[in-house]
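# Observations on the three-dimensional arrangement
Take a look at the letters that make up each chain.
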Amino acid sequence: MEKEIKIRIRDLHKSFGKKNVLNGVNLDLYKGESLVVIGGSGTGKSVLIKCIQGLLTPDSGSIEIDDIEIVNENPDVIDRMHSKMGMLFQGGALFDSLTVWENVAFDLIQNRGFNKKEAKIVAVKVLRQVGLTEDIADLYPSELSGGMQKRVGLARAVITRPEIIFFDEPTTGLDPIMADVINDLIIESAKDLGATTLTITHDMASARKIADKIAMLYQGKIIWYGTVKDLDKTTNPYVRQFINGSSKGPIKVEK
Amino acid sequence: MIIRLGEAFLRTLGKPLVKFLYSLGDLTAFVVKAIYHCFVPPFYFKLFFKQVLDIGFYSLPVVGLTTLFAGMVIALQTYSGFSGFKAESVIASVVLISVTRELAPVLSALMVAGRIGAAMAAEIGTMRVTEQIDALVTLSTNPFKYLVAPRLWAGLLVLPLLVLVGDIIGIFGGYVVGVYKLGFNPANYITATFQDLQYIGIISGLVKAAVFGFIISMMGCYHGYKSKGGAQGVGNATTNAVVSSSILILIFNYLITEMFFSR
Ligand SMILES: Nc1ncnc2c1ncn2[C@@H]1O[C@H](COP(=O)(O)OP(=O)(O)OP(=O)(O)O)[C@@H](O)[C@H]1O
Ligand SMILES: [Mg+2]
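Position numbers for residues start from 1 in each chain and track the written sequence from start to end. Chains and ligands are labelled by the order in which they are written, letters from A for the one and numbers from 1 for the other. Selection of residues for local features in this predicted model requires a pLDDT of at least 70, selection of side-chain atom pairs for listing and counting requires 80 or more, and totals for whole chains, interfaces and linings are taken over all residues. Here the side-chain values reflect all heavy atoms present in the structure, with hydrogen atoms and water set aside.

## Thoughts on the overall build of chain A
- Strands here mean DSSP runs of E at least two residues long; helices mean DSSP runs of H or I at least four residues long; both are numbered from the N terminus. Counting its regular elements, chain A contains ten helices and ten strands.
- The C-alpha radius of gyration computed for chain A amounts to 18 Å, which stays within 12% of the reference 18 Å derived for 255 residues, consistent with globular compactness.
- Counting only C-alpha atoms, chain A reaches 55 × 45 × 40 Å along its principal axes.
- For chain A, with 255 residues in total, the buried portion stands at 53%.
- Intrachain contacts of chain A at a sequence separation of at least 6 include 62% that bridge at least 24 residues.
- Just so you have it, chain A exposes about 11,800 Å², and 50% of that area is on carbon and sulfur atoms.
- The average position of the 33 basic charges and that of the 34 acidic charges among the side chains of chain A differ by 5 Å. Our radius of gyration looks at C-alpha atoms and nothing else; its globule reference is 2.2 Å times the residue count to the power 0.38. Only protein chains enter the accessibility calculation, which uses a 1.4 Å probe. A residue is then buried if its area is under 20% of the maximum for its type, exposed if over 50%, and partly exposed in between. The contact definition used throughout considers only heavy atoms, calling two residues in contact when any of these lie within 4.5 Å. Methods summary: accessible areas were calculated by the Shrake-Rupley approach with a probe of 1.4 Å, and residue burial reflects only the protein chains presented. Charge assignment in this entry is limited to Lys and Arg as positive and Asp and Glu as negative, and neither His nor the chain termini are counted. Where a charge sits is defined by one atom per residue type, namely NZ (Lys), CZ (Arg), CG (Asp) or CD (Glu).

What follows is the structure, given as structure tokens:
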């Protein structure tokens with residue numbers, strides 16, 4: 001049975017000045033699946049997500065979401081896409097002029113016609129799901145620890161129950177137990193909401209736990225793609241080096 | 001030899017020139033987009049009123065002090081310039097004209113540029129480098145409508161009000177010096193002021209204020225929006241916003257004066 005493709009990326013190129021970051025990325029994201037993208041620091045994982053979100057314009061190539069092309073499309077098309085996507089930014093990207101619950105409920109209030117009271121109730125509920133208590137709802141993001149900010153960002157990404165969710169390094173900066181709570185939450189979003197998720201991580205434990213498929217990005221291309229089982233069997237030297245976390249191997253770290 | 005020199009000259013000139021033309025195009029595109037979004041819903045009234053408070057209300061002390069002393073110093077200078085000539089009417093009308101036409105709009109705008117233009121660039125710049133603007137987009141909210149439009153409207157509408165207050169305080173400053181320092185008759189001074197009151201002077205001052213307010217908000221938003229490279233980038237954006245809006249204020253001050261008063 002052929003599975004439905006939610007996001008289809010073909011021959012995607014993106015460079016900044018002389019620096020080629022994405023150099024022909026091909027990638028399929030199947031509906032309801034959890035895809036984890038791994039790869040070294042600075043290989044363009046965040047850039048890839050930003051291209052899919054329409055935040056960066058690729059130099060060439062194609063990105064289709066639900067069979068609709070979004071590269072160089074007009075803002076209306078991209079805006080409609082955003083209403084079915086949620087995103088956790090690597091740095092949190094919480095609005096520091098708004099309180100925690102206002103951040104979490106932003107989309108509900110601005111675009112979905114919730115009044116403040118209803119929105120706050122929903123926001124607090126989602127905050128509990130990511131392991132935060134009600135009493136931080138009225139604080140400002142700057143008053144929270146880094147890990148707490150990450151969880152607020154997560155709450156903001158999932159509150160509208162989007163069809164597609166992007167997680168940019170969701171467990172970085174969290175203690176191992178909280179990281180696992182977040183892993184469970186990502187799995188839950190994918191399985192319960194039927195959401196399609198794309199997660200970027202360096203945390204191999206997390207990757208193994210949440211991934212249906214894993215893709216490795218290296219030098220602007222997807223050099224490996226497969227399931228977690230395949231990952232342990234692969235003889236691809238780049239992947240082996242990455243999952244073993246060794247400085248010796250074909251991947252050269254620019255010093 | 002000469003050709004080679006010319007080539008070298010063109011090459012050194014070329015890069016900054018291209019860069020300049022590029023940023024001019026960039027700015028134009030930004031301005032057009034910003035103005036377009038000022039007229040297209042959704043409108044964020046709450047954010048607009050917050051800006052009104054920030055730009056207007058909290059700038060009152062600065063604008064009040066600036067225009068007060070400006071009016072005072074003009075009264076004193078005019079008096080000493082006319083070497084003690086005791087004419088209420090002359091001093092009152094010089095104060096009136098210089099305050100309403102030039103000093104209140106220009107000085108207030110420069111003060112507000114330092115206060116508000118810098119703050120806008122810093123706030124929006126921080127939102128840019130911490131990806132908050134990207135986050136807005138992913139939450140289906142247009143940053144031009146959410147961030148830029150309320151600031152532009154507030155700048156455009158609030159500065160004339162501020163300047164009107166500045167006009168009154170500046171004229172009052174002249175009155176204080178005239179009456180308490182130079183010993184003029186209060187009633188005569190006031191009559192002289194009202195006799196010379198011309199709408200064209202006050203209106204030109206308010207038009208200036210509206211344009212200056214727009215410039216301040218536009219420069220604050222533009223430089224903030226385009227800032228990159230962390231804290232240092234935001235710092236540069238702040239400086240650029242203040243410097244460019246100050247220069248533009250002085251240029252447009254001349255142009256608007258020319259428009260109103262040269263025939
Ligand atoms: N807006 C930009 N302007 C210029 N260069 C950029 C921009 N965004 C990213 N880059 C460059 O693109 C490259 C990839 O950046 P990206 O943020 O995607 O890395 P990453 O794979 O997410 O790394 P990390 O795991 O450290 O987050 C980097 O070399 C970066 O310098
Ligand atoms: Mg990244």
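Picking up where we left off.
## Let's talk about the domain arrangement of chain A
Residue and element names in this part refer to chain A.
- Domain delimitation follows an automatic or database domain assignment. Splitting chain A by domain gives domain 1 (1-84 + 164-255) and domain 2 (88-161).
- The C-alpha centroid of domain 2 is placed 24 Å from the C-alpha centroid of domain 1.
- Counting residues at the interface gives 17 residues for domain 1 and 13 residues for domain 2.
- The quantity reported as buried area is the accessible area (1.4 Å probe) lost by two parts once they are put together, taken as the sum for both. Counting each side, the surface lost to burial between domain 1 and domain 2 is near 1,300 Å², with a carbon and sulfur contribution of 66%.
- Summed over the three residues of domain 1 that lose the most area to domain 2, namely Asp168, Leu185 and Leu193, the buried surface amounts to 32% of that side.
- Here, a salt bridge means any side-chain nitrogen of Lys or Arg that lies within 4 Å of a carboxyl oxygen of Asp or Glu. Scanning the region where domain 1 abuts domain 2 turns up zero salt bridges.
- N or O atoms within 3.5 Å of each other form a polar contact, as long as, within protein, one can give a hydrogen and the other can take it, and as long as residues adjacent in sequence are counted only when both atoms are side-chain atoms. The interface formed by domain 1 and domain 2 contains six residue pairs in polar contact (both at pLDDT 80 or more).
- Counting only elements with at least two residues in the side of domain 1 that touches domain 2, the list comes to β7 (164-168) and α7 (176-192).
- Residues were grouped as follows: Ala, Val, Leu, Ile, Met, Phe, Trp, Tyr, Cys and Pro as nonpolar; Asp, Glu, Lys and Arg as charged; and all remaining residues, including Gly, as polar. Here the side of domain 1 that touches domain 2 is built from residues that sort into ten nonpolar, five polar and two charged.

## Some remarks on the packing of helix α6 (residues 143-181) of chain B against helix α7 (residues 186-196) of chain B
All names here are of chain B.
- Two elements in contact, α6 and α7, have axes whose closest approach is 10 Å; the angle formed by their N-to-C orientations is 145 degrees. For the pair α6 and α7, the sense of crossing is right-handed. Seen from α6, the contacting residues are Ile171, Gly174, Tyr175 and Val179; seen from α7, they are Pro186, Tyr189, Ile190 and Thr193.
- Among the residues making up the contact of α6 with α7, the classes are represented as six nonpolar, two polar and no charged. To get an axis, a line is fitted to the C-alpha atoms, and for a helix only the part in contact is used. The angle between two axes follows their N-to-C directions and goes from 0 to 180 degrees. Each crossing is labelled by how the near helix is turned from the far one, with a counterclockwise turn of less than a right angle marking it left-handed and a clockwise turn marking it right-handed.

## Some remarks on the site of ligand 1
Residue and element names in this part refer to chain A.
- Whether a residue is near a molecule or strand depends on its heavy atoms: if one lies within 4 Å, it is near. Neighbouring ligand 1 are 14 residues; Ser41, Gly42, Lys45, Ser46 and Gln90 lie closest to it.
- Between an oxygen atom of ligand 1 and a main-chain N or O atom of Val47, the distance comes to 2.9 Å.
- Between an oxygen atom of ligand 1 and a side-chain N or O atom of Gln90, the distance comes to 2.8 Å.
- Taken by itself ligand 1 offers 640 Å² of open surface, and the protein chains cover 64% of this.
- Every element with two or more residues in the shell around ligand 1 is listed here: β2 (19-30) and α1 (45-52).
- With three residues, α1 is the largest single contributor of residues to the shell around ligand 1.
- Its residues assigned to classes, the shell around ligand 1 comprises three nonpolar, eight polar and three charged.

## Some details on the side chain of Thr234 of chain A
All names here are of chain A.
- Of note, Thr234 is situated in the loop between α9 (228-233) and α10 (237-244).
- Taking the relative accessible area as the measure of exposure, Thr234 reaches 11% and is therefore buried.
- A distance of 3.0 Å separates a polar side-chain atom of Thr234 from the backbone nitrogen of Asn236.

## A short note on a nonpolar patch on the surface
All names here are of chain B.
- Distance thresholds for patches are 9 Å for like charges and 5 Å for nonpolar side chains (Val, Leu, Ile, Met, Phe, Trp, Tyr), applied to residues having over 30% relative accessible area and no salt bridge. On the surface, Phe9, Leu10, Leu13, Leu17, Phe20, Leu21 and Leu24 cluster together into a nonpolar patch covering about 710 Å² of accessible area.
- Checked against the element boundaries, Leu17 lands in helix α1 (residues 2-38).
- Judged by relative accessible area, which is 43%, Leu17 ranks as partly exposed.

## Here's the deal with the packing of aromatic side chains
- Aromatic pairs are defined between Phe, Tyr and Trp rings, using the six-membered ring for Trp, whenever the two ring centres lie within 6.5 Å; interplanar angles under 30 degrees are classed as stacked, those over 60 as edge-to-face, and all others as tilted. The tally for this structure, following the rule as stated, stands at 17 aromatic pairs over all chains.
- Considering the side-chain rings of Tyr218 of chain A and Tyr238 of chain A, the 5.0 Å spacing of their centres and the 40 degrees angle between planes classify their relative orientation as tilted. Residue Tyr218 of chain A is located in strand β9 (residues 213-218), and its partner Tyr238 of chain A is located in helix α10; the two are separated by 20 residues in the primary sequence.
- Tyr218 of chain A gets classed as buried once you look at its relative accessible area, which sits at 13%.
- Here Tyr238 of chain A falls in the partly exposed class, since its relative accessible area comes to 29%.
- Aromatic ring contacts, followed pair by pair, group Tyr79, Phe172, Tyr175, Phe184 and Tyr189 of chain B into a single cluster.
- Between the NZ or CZ atom of Arg156 of chain A and the centre of the ring of Phe95 of chain A, over which it lies, the distance is 4.8 Å. Any Lys NZ or Arg CZ found within 6 Å of a ring centre and within 35 degrees of that ring's normal is scored as a charge over the ring.

## Observations concerning the coordination of the magnesium ion (ligand 2)
- Note: metal donors comprise N, O and S atoms at 2.8 Å or less from the metal (3.2 Å for Na, K and Ca); water molecules are not included, so apparent gaps in a site are possible. Of the protein atoms, only Ser46 of chain A (OG) and Gln90 of chain A (OE1) coordinate the magnesium ion (ligand 2), at distances of 2.0 to 2.2 Å. Here Ser46 of chain A, found in helix α1, pairs with Gln90 of chain A, found in the loop between β6 (85-88) and α3 (100-104); they are 44 residues apart in sequence, far enough to count as distant.

## Details of helix α6 (residues 146-158) of chain A
- Residue count minus one, scaled by 1.5 Å, sets the expected span of a helix. Counted at 1.5 Å a residue, the expected span for α6 of chain A with its 13 residues is 18 Å, and the 19 Å between its end C-alpha atoms agrees.
- For α6 of chain A, a buried count of ten out of 13 residues is recorded, marking the element as mostly surrounded by other parts of the structure.
- The complete set of buried residues in α6 of chain A reads Gly147, Lys150, Arg151, Val152, Gly153, Leu154, Ala155, Arg156, Ala157 and Val158 of chain A.
- Buried-residue contacts for α6 of chain A involve β6, α3, α5 (116-129), β7 and α7 of chain A together with α5 (132-138) of chain B.

## Let's talk about the confidence of the model for chain A
- A residue's pLDDT is the predictor's confidence in that residue, given on a scale from 0 to 100. Per-residue confidence for chain A gives a mean pLDDT of 90, with 98% of residues at or over 70.
- Mean pLDDT across the elements of chain A ranges from a minimum in α7 of chain A, with 83, to a maximum in α3 of chain A, with 97.

## As for the packing of α6 of chain A against α7 of chain A
Residues and elements named next belong to chain A.
- One way to put it is that α6 packs onto α7 with a least axis distance of 12 Å and a crossing angle of 5 degrees. On the basis of the axis angle, α6 is roughly parallel to α7. On α7, the residues touching Arg151, Leu154 and Val158 of α6 are Met178, Ile182, Leu185 and Ser189.
- Split by residue class, the contact of α6 with α7 holds five nonpolar, one polar and one charged. By the definition adopted for this analysis, an angle is roughly parallel if under 35 degrees, roughly antiparallel if over 145, roughly perpendicular if from 65 to 115, and oblique otherwise.

## Overview of the sheet that holds strand β5 (residues 68-69) of chain A
Residue and element names in this part refer to chain A.
- Sheet architecture is open: four strands sit in the order β2-β1-β4-β5, paired in antiparallel fashion. A strand with exactly one partner marks an edge of an open sheet, and here the two such strands are β2 and β5.
- Alignment of strand β1 (residues 5-16) against strand β4 (residues 60-65), held across five bridges, turns out to be antiparallel. Each residue of the ladder has a partner; that of Ile9, found in β4, is Ile63.
- Strands in contact with α1 are β1, β2 and β4; relative to β1, the strand with the most contacts, it is inclined by about 120 degrees. Two strands form a pair only when DSSP identifies at least two bridges running between them.

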